[in-house]
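This is what each chain is made of:
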Amino acid sequence: MTTTDSSSASGTALAFHLTANYAPVMTEVTAHALPVEGAIPRALRGRYVRNGPNPKTGASPHWFMGDGMLHGVELRDGRAVWYRNRWVRTRAFLEEDPPRFGPDGDLDRTVGLANTHVIAHGGRILALVETSFPTEVTRELDTVGCFDFGGRLTTAMTAHPKICPRTGELHFFGYSFQPPFLTYHRADAGGRLVQSEAIEVPGPTMIHDFAITDGHVVFMDLPVVFDLELAMAGTMPYRWSDEYGARLGVMPRGGTNADVRWHDVAPCYVFHPLNAYDDADGAVVMDVVRYPELWRGTSSAPATPPALHRWRIDLTAGRVSEQPLDPRAIEFPRCDERRVGLPHRYGYAVYTEQPVDRSTGTALIKYDLRAGGAATTHDFGPGRLPAEPVFVPASARAGEDEGWVLAYVYDAARDGSDLVILDAAAFSAKPVATIALPQRVPFGFHGSWIVDPARDG
């Protein structure tokens, strides 16, 4: 087991993302027949896989800049079959400082860290980061290689694509500091890229995520802008701008740049929406984790923590109203993936207590959005810190909270991690099962419940 002190060999204090459970692990582990407290539901047949930064050298200039590492657990027939952690072996991992630009001066999108998310679509499992092409991996988490949709993809791919539960289509985008600054993409259910559309925006901003509804795509053009000086300094190349403005762009699904309608909002930043949907009166409703501002000056921590808000976009009047739903600091919101783009009742998030890149709390939150954001918490207790929650339905026809919530939980007392399974309908109750892992799972970003239809049924 790897433990990390908060100071370097020279005595210099380390950045937060290199200490405690942010610190990388330096060993790839495979273990079988994992010990279980409680009982794993037999209906859970698949793999929970999560991605996060884990610099191979043990150091990186920013939390977002470490090599990707996948941590996965396979569940089957009431057993925890295996745990694996694997670095995503991108060109950035395998080569010594590969060139980031091609002969034509454009960014080489085959060079990336693949450290942010992992999804399954079109028969492939893809590790994602928003600066490059996806990287395909196997169900055992071994790297296959760079994937560019058969040469059709020419931009980066967001780490937050959306799979439409009605059509199976994959909606995504790429952004860049070079024109075109924003490009929308759509792949069919089989994984074939069928649409790419440049979307006009005033300049290069950090567009981390977006949303879809049953009838629309929603882009967030917010005032965290590219800064060349920061990029040349080798640190996070984005900062807050008081001049850029903030707006939401709504495009009909299947539409083009000419169909996008932009709507001003109060300046803010959003890493992650919880979900969005078309309301019965024709408005677009979008629940987001909203930061009043982000990365002003040299500070990497927001002055005010992020909280759950609702935007209601009146497409007829061209106005956006905003409603705070909960004042608590949260991040990593998720909903039932079967409700993406559709009206949702429940959502889940990490209660961070403080800004997300400094601390994490000991609780997860379940929201009931039909009850105005009423919340239930599951507190794991002192020193037990949960990561992003992922909901898994009990069956294809199960209710919206009829199933389980899975999350990795760090146990500071033993400097180790568990995969914890909660009953989503009895969220505050004792965990259904706790699976002790042989490797500490550092705080990371996003994951998915991945099912192989041919194997998992």
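Caption draft 1: The arrangement of the sheet that holds strand S4 (residues 68-76) in detail. The strand order across the open sheet formed by 5 strands is S1-S5-S4-S3-S33, and the pairing between neighbours is antiparallel. Of all the strands in the sheet, the pair left with one neighbour each is strand S1 (30-32) and strand S33 (447-450). Across this sheet, the average inter-strand angle for adjacent strands is 10 degrees, counted without regard to direction. The sheet contact formed by strand S3 (residues 46-53) and S4 spans 8 bridges and is antiparallel. In the strand pairing of S4, Arg47 is matched with Glu74.

Caption draft 2: Structural context of the packing of aromatic side chains. Taken as a whole and assessed by the stated rule, the structure comprises 25 aromatic pairs. With 6.2 Å between their ring centres and 70 degrees between their planes, Phe16 and Trp63 make a pair best called edge-to-face. One end of the pair, Phe16, is in the segment before S1; the other, Trp63, is in the loop between S3 and S4, with 47 residues separating them in the sequence. Trp63 gets classed as buried once you look at its relative accessible area, which sits at 5%. With a centroid separation of 6.1 Å and 70 degrees between ring planes, the pair formed by Phe271 and Trp295 is classed as edge-to-face. Of this pair, Phe271 sits in strand S20 (residues 269-278) while Trp295 sits in the loop between strand S21 (284-291) and strand S22 (307-314); the two residues are 24 residues apart in sequence, bridging distant segments of the chain. For Trp295, a relative accessible area of 7% puts it in the buried group. Among the aromatic residues, those joined into a ring-pair cluster are Phe16, Tyr22, Trp63, Phe64, Tyr269, Phe271, Tyr291, Trp295, Tyr410, Phe443 and Phe445.

Caption draft 3: Focus on the nonpolar core. Among the nonpolar cores identified, the biggest contains 53 residues, and Met206 and Trp311 are the most heavily contacted of them. Apart from the residues lying within four places of it in its own chain, the contact partners of Met206 are Glu130, Tyr175, Val224, Met236, Tyr238, Tyr269, Phe271, Leu294 and Trp295. Among the nonpolar cores identified, the runner-up in size contains 23 residues, and Tyr48, Leu406, Leu437 and Val441 belong to it.

Caption draft 4: Quick peek at the sheet that holds strand S26 (residues 363-368). Taken in spatial order, the 4 strands make up an open sheet running S24-S25-S26-S27, and their pairing is antiparallel. The sheet is open, and its two borders are formed by strand S24 (330-334) and strand S27 (374-379), each paired with just one other strand. In this sheet, neighbouring strand axes are inclined to one another by 25 degrees on average, regardless of whether the strands run parallel or antiparallel. The pairing of S26 with S27 spans 6 bridges and is antiparallel. When the sheet's bridge partners are listed, Ile365 is paired in S27 with Thr377.

Caption draft 5: Region of interest: unusual backbone geometry. Backbone torsion omega between Pro179 and Pro180 reads -5 degrees, so that peptide bond is classified as cis. Within the fold, Pro180 resides in the loop between strand S11 (170-175) and strand S12 (182-187). Within the chain, Ala33 stands out as a residue other than glycine whose phi angle is a positive 50 degrees. Non-glycine residue Asp97 carries a positive phi angle of around 50 degrees. Of note, Asp97 is situated in the loop between helix H1 (91-94) and strand S6 (117-121).

Caption draft 6: Structural view of the confidence of the model for the protein chain. Residues of the protein chain with pLDDT of at least 70 account for 94%, and the chain-wide mean is 92. Note on residues 1-10: pLDDT is under 50 here. Beyond four places in sequence and across chains, it has 22 contacts.

Caption draft 7: A look at the pattern of salt bridges. Per the counting criterion, the structure on display carries 32 salt bridges. The partner of Glu169 in a salt bridge is Arg186, and the shortest N-O contact between them spans 2.8 Å. Of this pair, Glu169 sits in the loop between strand S10 (162-163) and S11 while Arg186 sits in strand S12; the two residues are 17 residues apart in sequence, bridging distant segments of the chain. Taken individually, Glu169 and Arg186 each receive the classification buried, so the pair is uniform in this respect. The partner of Asp336 in a salt bridge is Arg338, and the shortest N-O contact between them spans 2.6 Å. Looking at Asp336, the relative accessible area reads 2%, which means it is buried. Shared partners join several salt bridges into a network, and the residues in it are Arg47, Glu74, Arg76, Arg139 and Glu140.

The rules behind these values
- Residues numbered from 1 in each chain as written.
- Predicted model: local features only at pLDDT ≥ 70, side-chain atom pairs only at ≥ 80, totals over all residues.
- Heavy atoms only, no water.
- Pairing = 2+ DSSP bridges.
- Helix = DSSP H or I, 4+ residues; strand = E, 2+ residues; numbered from the N terminus.
- Axes fitted to C-alpha atoms, helices over the stretch in contact; angles between N-to-C directions.
- Phe/Tyr/Trp six-rings, centres within 6.5 Å; stacked < 30°, edge-to-face > 60°.
- Buried < 20%, exposed > 50% of the residue type's maximum accessible area, 1.4 Å probe, protein only.
- Core = buried A, V, L, I, M, F, W, Y, C linked by side-chain atoms within 4.5 Å.
- Contact = heavy atoms within 4.5 Å.
- pLDDT = per-residue confidence, 0-100.
- Salt bridge = Lys/Arg side-chain N within 4 Å of Asp/Glu carboxyl O.

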